[in-house]
Amino acid sequence: MGIFDGLPVPPDKEYLRDELLKIDESWAVPRFDTLPHVVHILTSRDRENELHYLKEQRDIVEEVVDEVVHAYHSGFNKAIQNYSQILKLFSDSAESIRTLKIDLAEAKKRLGARNKQLHQLWSRSVTLRHIIALLDQIESIAKVPAHIEKLIAEKQFYAAIQSLIQSSLMLEREGLQTVGALQDVKSELSKLKGVLFFRIVEDLHAHLYNKGEHSSVASTMDEREDDLPTITAAAYTMNGSQSLSRRTRMIKGENHGQTDGSLSSSFDGHDEDGSIELHDEATSDGHARGNGGEGITKDAKAGLRKIPSWLLHSTPDEFIETIRKSDAPLHVKYLQTLVECLRMLGKVAASGAMICQRLRPTIHDIITSKIKAYAELANASKSGIGEAAETDDTGLQFIKVHVESYQLTKKKQQNGISLAGTLLQVSPVSPVMAPTGKAQTAAKDLLDSVLDTVVRIFENHVIVGELLESKSVHGGHSHPQSSWQTNANLNPGAGPQAGGYSMGFSLTVLQSECQQLICEILRATPEAASADAATQTLRLGSKAPSNDNRNGSEDGLTFAFRFTDSTIPNQGVDLVRQGWNRKGPNVPQEGYGSAAVLPEQGIYLAASIYRPVVQFTDKIASMMPQKHSQLGNDGLLAFMENFIKDHFLPAMFVDYRKAVQQAISSPAAFRPRSAAAATYTPSVEKGRPVLQGLLAIDFLAKEVLGWAQAMPKFASDLVKNLQAYLERTYERCRTSYMEAVLEKQSYMLIGRYDIEKLMRRDPASSCLPRSLGHSESTMVNNASDAESVEIESELSSLLLNLRPIRQDNLIRDDNKLILLASLSDSLEYVADSIERLGQSNMRAAKQVGERGKNLASFADEYRKLAIDCLKVLRVEMQLETIFHLQEMTNREYLEDQDAEEPDDFIISLTAQITRRDEEMAPFVAPVKRNYIFGGICSVASNASIKVLADLRSINLFGVQQICRNSIALEQALAVIPSINSESVQQKLDRVRTYYELLNMPFEALLAFIAEHEHLFTAKEYGYLLKVKVPGREVPPDAQHRVSAILSR
């Protein structure tokens, strides 16, 4: 900014501002030196122009000065006038002060003359005022009892205590102590103090269990239509030594001991239907206001600052101001008010003792009433009037009727007629008790509802517990221990100043009652419940309390369960295990009444109970303050996990092991289904004939993994149990397989290395089962046609070298072959199912797999056994073919007439192929049938050609007979839908072509060999020359000439 900026230059003379900018700022310096400018002009070549330029600049400056003078002239004049007026006012004021001093001096003289008289009048007025005030106080005190009773009736407890304390202090004044009429008032106030205390404790008790007018549940019902779906939280720091929970961390005020501050969060837990409710908008009538869920408006924010209805008649003080400014939910403010009232009465310890005494029976009654409500709803639904009895807790299913209907159905389903009925009979649990059954859902819904209620109750106990602890430590009141505290100090960690009441004590009782409910649902006998409770109590009781625990804080939770028997026997684990009776006939019925809505087979409900207990523990842990964070670690969750580990898992292992044993040892377990469908279907629901034993095992495996999904922490143990079941089942399948193939040639051949290698290279092996991870492209053998023919030829040669085949070495019982076919398909079905189950439970299977075999390895073992069954069937059919065709060497084909029928052994072979195909068709997939019967053609083709070497002579009709045999075999194989008829025709046409060469003259044969030298091998062409054919002349050098043609 230049030195000439801001000059008052008019708009029509803006050029002056530009001209001023051209003037060098050196002309405006305070210590201006003219010598350099004079020297510059004198030494300049054009002195006149320089002098003229200086004059122009002088004119511009003078013009600017004129403009400044014109602009500020009126202001200068006005300032001078104002200064003159100020001087005049000062002069007038000095004159007035001199006059006032004279008047004051005169007044002083006049008052001094009447000083004694005025003093007497003042003394009299003071005395009269004191008498009048004393009479007013006596009159007002006489009305206090009635006023307090009115406030109590209106539940204005804080105002009543304020009036009570104020009146009590007034009665203690020296002037009123001698008034006889006030002694009765004092006695009435003393009685009202006791009445007020019990009314406050009663109201606090009601709000602790969400039964009061301002409790969270009541507020939820009022606010449900206008609920704001937002959750607010405040971040803060505290300099005090006491760490409070998320809900009550703003309890401490700024006065280092006043604990009436606002709470830090408006989260109020879940209501009956699981929705989140907010109660942080209190209006003057105590109800919440909202704006339809679109956010907090200005009116709602203003409502937060209004005084609650229960403080409207109170005298404003620091506590009321704190409540007014607090953003805590409505029910939390009310609890703060009640605890503050108890502090003002000096009854913190007494109220804590009363809460302790009433805690357990109240929780028991709440849980019992909750279950009774479910039972009434179920009965109403059963009688057809459920719509009139609907409540928010409609999620529970009444399933006792389903249990009875299941038992009736189970009795009716006999002889394995129904597949579903058969599977239901296999399982050790009823359908409603299965992992996804209605009983599990009902138990989970029931426990969810009960635990949700307990969580909301404990939420209030956390608030009140911290408030009472804070009041007892910082309240400044010390009272002798009341008679109410005689039996209240049940928790060693609870401070005596709170009457034995603390968060640890309330959590202990709440979890103890929940444990008793769970024991009733699980149908635990009193002996087992007592033994488990004793173990838990002894373990927790070993934790010695800290000697430095002077502020009522707990180092750990003392978890003491309520025993059902005062005498706890010490007979080890056997007694505990015997105490858990799944039927529970000895369980007393006076507990919580859960038997009205839940089935009797209770131990399997542990699966549905486990997850609600975990969620309950997480909610409890999130509510606990930091210094009490270890209280819930050894409570209900530990009991539940110990029960599952020590009782549920062993019992379930035994039950399912017994079920598996019964499933695989039943006479019908490995018996192919007699009423199977005519064709194979891949779906079990549509009739896939899976063996009953393996189908039952698959059902049980899915059920066991259903338990694992319900209890992820114990999934590895359950998967380990499942592996034991699968291993036992595999051994039984292997036994059944061995019973069918033992000492049979086909079984021994598939174990030979050379044959096993060729069978693995055979393109037909693409039909064998593969794991689910293999795609269709990986199942295709990439071998060329020439390689395929070579593999088939080598395999046929190895099998033909086994001639003669004995009938004793073959599986002549078709039932065993059908069993192998059905066993193969069933094993593949179970293997695929196990693999899918392993993928769905990857984490647990991986944990078990790190210590040994996983489910995928079991699936591979099952699949390998299924492949062995198919290989045995394929080799068996090939050996059967060789067994029948080897009859060709026992006869001479010198026929005297045309062949009208095939040979008897061909008829027997084709009939056997057709019969076995029809019998196996319902039990194996078409692609597997192709594998079983697909090897017959190549073996028959090679055997028919190689048998010529063993024939001594054959005539024209004999050739026709052999061709007729091949045609009959082709027709039998073509009937099988899964076999490629073109391939069969091509291979058997080769046989007919080969034998028809015997009808050719030698020269024609040489011409054929020259044109088709690769159609047959040199040995095969040699066999054509060695056999004797009547009417055909073969020169002596025939073999040499054929060799010469083939060697070219």
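Scroll up for the structure.
Owing to the predicted nature of the structure, the values given are computational and were not obtained by experimental measurement. (Residues numbered from 1 in each chain as written. Predicted model: local features only at pLDDT ≥ 70, side-chain atom pairs only at ≥ 80, totals over all residues. Heavy atoms only, no water.)

## Focus: the overall build of the protein
Note the cut-off: Secondary structure elements are defined from DSSP: runs of H or I of at least 4 residues count as helices, runs of E of at least 2 residues count as strands, and each element is numbered from the N terminus. When a residue's accessible area, from a 1.4 Å probe over protein chains only, is under 20% of the maximum for its type it is buried; when over 50% it is exposed; and in between it is partly exposed. For accessible areas, the Shrake-Rupley method is used with a probe of radius 1.4 Å. Any residue's cover is judged against the shown protein chains and nothing else.
The helix and strand inventory of the protein stands at 34 helices and 2 strands. Taking all 1048 residues of the protein together, the buried fraction comes to 47%. Entry remark: accessible area of the protein is about 52900 Å², with carbon and sulfur atoms responsible for 53%.

## A short note on unusual backbone geometry
Cis rather than trans, the peptide bond between arginine 803 and proline 804 has omega equal to 0°. Within the element layout of this structure, proline 804 appears in the loop between α24 (785–800) and α25 (814–840). A positive phi angle, near 60°, is found at lysine 155, a position not held by glycine. Inspection of the secondary structure puts lysine 155 in the loop between α4 (115–153) and α5 (157–171). Residue class for lysine 155 comes out partly exposed when judged on its relative accessible area of 29%.

## Describing the nonpolar core
Looking at soluble globular proteins, one finds that nonpolar side chains tend to be buried together. For the record, the criterion: Put simply, buried Ala, Val, Leu, Ile, Met, Phe, Trp, Tyr and Cys residues joined by side-chain atoms within 4.5 Å make one nonpolar core.
Grouped together as the largest cluster of nonpolar side chains are 239 residues, with contacts concentrated most on Met640, Ile644, Phe648, Trp707, Met711, Tyr737 and Tyr995. No other element matches the 17 residues that helix α27 (residues 855–885) contributes to this core. Core analysis: the next-biggest nonpolar cluster, separate from the first, contains 6 residues, Val9, Leu20, Ile23 and Val64 among them.

## Some points on the packing of helix α20 (residues 692–710) against helix α21 (residues 715–741)
The line we're drawing: Axes here refer to lines fitted to C-alpha atoms; in helices the fit is confined to the stretch in contact. Angles between the N-to-C directions go from 0 to 180 degrees. Oblique is the label for every angle not falling under 35 degrees (roughly parallel), over 145 degrees (roughly antiparallel), or within 65 to 115 degrees (roughly perpendicular). The contact rule is simple, with two residues in contact once any of their heavy atoms fall within 4.5 Å. As a working rule, the residues Ala, Val, Leu, Ile, Met, Phe, Trp, Tyr, Cys and Pro are called nonpolar, Asp, Glu, Lys and Arg charged, and the rest polar, with Gly in that last group.
Contact pair α20 / α21: the axes reach a minimum separation of 9 Å and the direction vectors enclose 170°. When the interaxial angle is binned, α20 and α21 end up roughly antiparallel. Two secondary-structure elements touch here, α20 through Leu694, Ile697, Ala701, Val704, Leu705, Trp707 and Ala708 and α21 through Ala715, Leu718, Val719, Leu722, Tyr725, Leu726, Thr729 and Cys733. Of the residues assigned to the contact of α20 with α21, the class counts are 14 nonpolar, 1 polar and no charged.

## Brief notes about helix α32 (residues 1002–1011)
Selection rule: By arc we mean the arc of the directions from the helix axis to the C-beta atoms, nothing more.
Among all positions in α32, only Phe1002, Leu1005, Leu1006, Phe1008 and Ile1009 are buried. Taken around the axis of α32, the buried residues stretch over an arc of 160°, which confines them to a single face.

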